[in-house]
Amino acid sequence: SAMVNLITLQLNDNNLSGNLPGSWSTMTNLELLYLNEQELTGTLPESWSSMVNMRTLYLFGNKLTGNLPTSWSSMTNMIKL
């Protein structure tokens with residue numbers, strides 16, 4: 001089931017690997033997401049642009065590639081990336 005009411009998800013330093021799941025875009029109330037210091041790869045999901053309440057997204061210390069998707073311009077509450 002979707003975790004639509006989740007506001008904070010802190011998973012830093014957990015040795016997670018693989019791609020960022022596009023399905024997380026259903027967490028539309030998420031404001032803080034900490035995924036730093038992992039082994040995450042791939043690109044940033046365009047679908048995350050629906051996470052319009054996101055204020056802080058920490059992704060440093062990963063092996064992500066590519067640019068910020070242009071669709072992320074809808075994330076106007078973002079203050080830390």
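For the structure itself, consult the block above.
Residues numbered from 1 in each chain as written. Predicted model: local features only at pLDDT ≥ 70, side-chain atom pairs only at ≥ 80, totals over all residues. Heavy atoms only, no water.

**Digging into the sheet that holds strand β3 (residues 32-34)**
Note the threshold: Following DSSP output, two strands are said to pair if at least two bridges run between them. Where helices and strands are cited, they refer to DSSP runs of H or I of at least four residues and of E of at least two residues respectively, numbered from the N terminus. Simply put, an axis is a line fit to the C-alpha atoms, just over the touching stretch for a helix, and the angle between two N-to-C directions goes from 0 to 180 degrees.
Strand order in the open sheet formed by three strands is β1-β3-β5, with parallel pairing between adjacent strands. Sheet topology places β1 (8-10) and β5 (56-58) at the edges, where each strand pairs with a single neighbour. Between one strand axis and the next, the sheet turns through 5 degrees on average, direction left out of account. Here β3 runs beside β5; their pairing, made up of three bridges, is parallel. Looking at β5, one finds that Leu-32 is bridged to Thr-56.

**Thoughts on the environment of Thr-43**
Applicable threshold: Using a 1.4 Å probe on the protein chains alone, a residue whose accessible area is under 20% of its type maximum counts as buried, one over 50% counts as exposed, and one in between counts as partly exposed. Two residues form a contact once any of their heavy atoms are found within 4.5 Å.
Inspection of the secondary structure assignment puts Thr-43 in the loop between β4 (39-42) and β5. The class for Thr-43 is partly exposed, based on a relative accessible area of 49%. A C-alpha to C-alpha distance of 8.5 Å links Thr-43 and Leu-68, two positions 25 residues apart in sequence. Among all residues touching Thr-43, those that are not within four sequence positions of it are Leu-20 and Thr-65.

**Quick word on the pairing of β4**
Pairing of strand β2 (residues 17-18) with β4 involves two bridges; the strand directions are parallel. Bridged to Gly-18 within β4 is Leu-40.

Everything listed is a geometric property; what it means functionally is a separate question.
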